[in-house]
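A look at the structure
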Amino acid sequence: MSNSPQVIWLNPNPSWRRFHRPLMQYLSKTMVVAEWEYCQNADEPSSLEVALTLLHEYLCDLNQPVHLIGHSTGGTLGLLYSRRYPERVKSLSLLGVGCHPAVDWQAHYYVQRQLLPCSREMLLAQMVRSIVGSCSWEDTKLGIKILEADLVRSPSAHSLYNRARITPGGVAVPLFVCGSRGDTIVDRRQLQGWIPWLKRGDRLWEHPGDTHVFHYFDPNSVGDRIRSFWQYHAQTCFLHSQVA
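Residues numbered from 1 in each chain as written. Predicted model: local features only at pLDDT ≥ 70, side-chain atom pairs only at ≥ 80, totals over all residues. Heavy atoms only, no water.

**Overview of the sheet that holds strand β2 (residues 33–37)**
The cut-off we apply is this: A strand pair is defined by DSSP finding two or more bridges across the two strands. Each helix corresponds to a stretch of at least 4 residues labelled H or I by DSSP, and each strand to a stretch of at least 2 residues labelled E; elements are numbered beginning at the N terminus. Lines fitted to C-alpha atoms define the axes here, with helix axes fitted over just the stretch in contact, and angles between the N-to-C directions of these axes take values from 0 to 180 degrees. Whether two residues are in contact is decided by their heavy atoms, any of which lying within 4.5 Å being enough.
Spatial ordering of the open sheet is given by β2-β1-β3-β4-β5-β6, a layout of six strands whose pairing is parallel. The two strands at the open ends of the sheet, each matched to only one other strand, are β2 and β6 (203–207). Within the sheet, the average angular offset between the axes of one strand and its neighbour, ignoring direction, is 20°. Alignment of strand β4 (residues 89–95) against strand β5 (residues 175–180), held across four bridges, turns out to be parallel. Considered in β5, the bridge of Leu 94 is made with Val 177. On the sheet, helix α3 (residues 73–84) packs against β1 (7–11), β2, β3 (66–71) and β4 and is oriented at approximately 140° with respect to β3.

Right, here's the structure in full:
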């Protein structure tokens, strides 16, 4: 097997790395998986454009199109990149990304900061429960640290004074969209909102769980769905090449 990556996991949220590892490890049993990571510092303006430029430089060094996977902001980054450079993308898999791609946990957080008369720590603790479900206070404190780091290091353009918006729509490349049925960050309406944008061969799957990081708790089921999607398109491309 070639060492050249076949799959690139997009991670512009380094503090979330622990949530992605189980699925990456599962997929790496059959494919060469690499992680592309972007971390902005506190002095940089929050913008996905810098991340898109650096990602393009990296993918231009590879000798073939690759499968892109991303969760939340990583998926949004993959969506924007696939719209801009479809020739470099074999397929795009989105986890926890709704039909309005800019709606992420930070968007929810800043709205609630304006509406709820509670402390920052209390609000972040509430966001932890929304993302991972019920957990101990020790795990909640760890989750608060992860979210605090993400507020600083993620290229999300949301702030207390402004919520970013990204135009809804699909992509020219094969698309797999996966979300959790009970997710309160990207709810079922956001997930079902992808249906008008799906092409023939694209797939939408609802995981039966109730967290935003469903792929962390059930990497095998999510990984099997992604693999099935890849295999379908590999077979389709093979049949097309045979006919040609």
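**So, α3**
The α-helix winds at 3.6 residues per turn, so residues separated by three or four positions along the chain end up facing the same way. For clarity, the cut-off: How far a helix is expected to stretch is found by multiplying one less than its residue total by 1.5 Å. Whether a residue is buried, partly exposed or exposed follows from its accessible area with a 1.4 Å probe, protein chains only, as a fraction of its type maximum: under 20%, in between, or over 50%, in that order.
In a regular helix each residue adds 1.5 Å, so twelve residues correspond to 16 Å; α3 covers 17 Å between its end C-alpha atoms and thus fits that length. Counting buried positions along α3 gives ten out of twelve residues, so the element sits mostly inside the fold. Where α3 is buried, its residues meet β1, β2, α2 (48–60), β3 and β4.

**Observations regarding the layout of surface pockets**
Selection criterion: Here a cavity is any set of points on a 1 Å grid over the protein atoms alone where a 1.4 Å probe fits but cannot get out, and a pocket is any open set with protein on both sides within 12 Å along at least 5 of 7 lines; a residue lines the site when it has an atom within 4 Å of a point. Grid points are joined across faces, edges and corners, and a volume is the space filled by probe spheres set on the points. By the convention adopted, Pro, Cys, Tyr, Trp, Phe, Met, Ile, Leu, Val and Ala count as nonpolar, Lys, Arg, Asp and Glu as charged, and the other residues, Gly among them, as polar.
Roughly 320 Å³ of volume is contained in the largest pocket. As for the largest pocket, its lining consists of 15 residues, and the residues nearest its centre are Met 31, His 67, Lys 90, Trp 230 and Ala 234. Taken together, the elements giving at least two residues each to the lining of the largest pocket come down to β4 and α9 (219–243). Of the residues forming the lining of the largest pocket, the biggest block, six residues, is contributed by α9. Class assignment for the residues of the lining of the largest pocket results in six nonpolar, seven polar and two charged.

**Describing the pairing of β4**
Of all seven residues in β4, six are buried, a share of seventy percent or more. Direction of pairing for β3 relative to β4: parallel, over a ladder of six bridges. Residue pairing for β4: His 71 is matched across the bridge by Leu 95.

**A look at the packing of aromatic side chains**
Short version of the rule: We call Phe, Tyr and Trp rings a pair once their centres come within 6.5 Å, taking the six-membered ring for Trp, and we label the pair stacked below 30 degrees between planes, edge-to-face above 60, and tilted otherwise.
Within this structure, the stated rule accounts for eight aromatic pairs. Between Trp 16 and Phe 19, the ring centres sit 5.6 Å apart and the planes meet at 65°, which makes this aromatic pair edge-to-face. Neither Trp 16 nor Phe 19 differs from the other in exposure class; each is buried. Look at Phe 176 and Phe 229: their rings are 5.6 Å apart centre to centre, the planes differ by 35°, and that puts the pair in the tilted class. Of the two residues, Phe 176 sits in strand β5 while Phe 229 sits in helix α9, which places them 53 residues apart along the sequence. No difference in accessibility class separates Phe 176 from Phe 229, as the two residues are buried. Chaining the aromatic ring pairs together yields one cluster made of Trp 16, Phe 19, Tyr 216 and Phe 217.

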